[in-house]
Structures are given as C-alpha cells and as structure tokens.
Amino acid sequence: MSITWYVLVSAIVFCIGAGGILVRRSPVVILLCLELMLNAGNLALVAFSRAHGNQQGQIFALIVMVVAACEVAVGLGLIVAIYRKRMPIDVDELRELQG
C-alpha cells in the first residue's frame, strides 16, 4: 500500500477533529476531537517512518500518545471538578479562569 493513502486518511481524520473543535462547545467532545487530531498526526508519523525505513517516527508517535493520555487525564479531571461545583460546562463561558 502506498504512503499517499495513509497520508490521505491522516488528513481526513485531522480535518474531522479540527472541525469538531471549531463546531462543538462541549469540553468532552473537544477533548475527543483533539485526540483525533493527535492520532492523525501519529498515523502520518508512522507512515513516513515506515516509508523511510527508520524507527524515529514510531518512537515519536509513542511519545505523542503518552502526552495525549496525560492531557486526557488532566482535562477530564478539570471537567469533573467543574461539574461538581455546579458551574456551567460551556467552553465559551470558561475562557477566563477565575480563582
């Protein structure tokens, strides 16, 4: 299979994720769309590393997955904390963090 198909699938998944971030206002959906964008980048990294015959892209994709897992854990923790305080969970209203 040619690398162009992998890059095309990666671009489509990235555009779906970017569209979801721009359209939706729910923090959980935004986190999911951000994960789609990161996984699209991972797919492109793995495809290019396989095409060039080295392992550097696959190692970097693994590091991106670890960072994405940490981001989800922190993001979901913040969403649960905000929900417990009965604050509105709307991204437009949460632009400024107040102490």
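For the structure, check the block above.
Keep in mind that what you see is a predicted model, and the values were worked out from it rather than measured.

**Q** Mind laying out the packing of helix α1 (residues 3–23) against helix α2 (residues 27–52), listing which residues take part and the relevant values?
**A** As a packed pair, α1 and α2 sit with axes 8 Å apart at the nearest point and diverge in direction by 165°. One finds that α1 runs roughly antiparallel with respect to α2. The handedness of the crossing between α1 and α2 is left-handed. Looking at the contact of α1 with α2, its residues break down into 20 nonpolar, four polar and one charged.

**Q** Which residues make up helix α3 (residues 56–84), and what values do they have?
**A** Between its first and last C-alpha, α3 extends 42 Å over 29 residues, near the 42 Å set by a 1.5 Å rise per residue. Listed as buried for α3 are Gly 57, Ala 61, Val 64, Ala 68, Gly 75, Ile 79 and Ile 82.

**Q** Run through a nonpolar patch on the surface, naming residues and quoting values.
**A** On the surface, Met 1, Trp 5, Leu 8, Ile 12, Ile 16 and Leu 36 cluster together into a nonpolar patch covering about 670 Å² of accessible area. With four residues, the top contributor of residues to the nonpolar patch is α1. One can find Leu 36 in helix α2. A residue is classified by how much of its surface remains accessible, and Leu 36, at 32% relative accessible area, is partly exposed.

**Q** Summarise the side chain of Asn 42; cite the residues concerned and give the values.
**A** Summarising the element assignment, Asn 42 is placed in helix α2. Beyond its immediate chain neighbours, meaning those up to four positions away, Asn 42 contacts Ala 61, Val 64 and Met 65.

**Q** A description of the environment of Val 13 should follow, citing residues and the corresponding values.
**A** Residue placement: Val 13 occurs in helix α1. Sequence-wise, Val 13 and Leu 43 are 30 residues apart; in three dimensions their C-alpha atoms are separated by 9.6 Å.

**Q** I'd like a description of the packing of α2 against α3, backed by residues and values.
**A** For the pair α2 and α3, the least separation of the axes is 9 Å and the interaxial angle reads 175°. Classified by the interaxial angle, the pair formed by α2 and α3 is roughly antiparallel. For the pair formed by α2 and α3, the contact residues are Pro 27, Val 28, Leu 31, Leu 34, Glu 35, Leu 38, Asn 42, Leu 45, Val 46 and Ser 49 on the first element and Gly 57, Gln 58, Phe 60, Ala 61, Val 64, Met 65, Ala 68, Glu 71, Val 72, Gly 75, Leu 76 and Ile 79 on the second. A class-by-class count of the residues in the contact of α2 with α3 yields 15 nonpolar, five polar and two charged.

**Q** Requested: an account of the environment of Leu 45, with residues and values cited.
**A** Structurally, Leu 45 can be placed in helix α2. The exposure class of Leu 45 is partly exposed, given its relative accessible area of 26%. Sequence separation between Leu 45 and Leu 62 is 17 residues; the distance between their C-alpha atoms is 10.0 Å. Leave out the neighbours within four places in its chain, and Leu 45 touches Gly 57, Phe 60 and Ala 61.

Calculation criteria
- Residues numbered from 1 in each chain as written.
- Predicted model: local features only at pLDDT ≥ 70, side-chain atom pairs only at ≥ 80, totals over all residues.
- Heavy atoms only, no water.
- Axes fitted to C-alpha atoms, helices over the stretch in contact; angles between N-to-C directions.
- Helix = DSSP H or I, 4+ residues; strand = E, 2+ residues; numbered from the N terminus.
- Parallel < 35°, antiparallel > 145°, perpendicular 65-115°, else oblique.
- Left-handed = near helix turned anticlockwise from the far one by under 90°.
- Nonpolar A, V, L, I, M, F, W, Y, C, P; charged D, E, K, R; others polar.
- Expected span 1.5 Å × (residues − 1).
- Buried < 20%, exposed > 50% of the residue type's maximum accessible area, 1.4 Å probe, protein only.
- Patch = residues over 30% accessible without salt bridge, like charges linked within 9 Å, V, L, I, M, F, W, Y side chains within 5 Å.
- Areas by Shrake-Rupley, 256 points an atom, 1.4 Å probe, with all protein chains shown as cover.
- Salt bridge = Lys/Arg side-chain N within 4 Å of Asp/Glu carboxyl O.
- Contact = heavy atoms within 4.5 Å.

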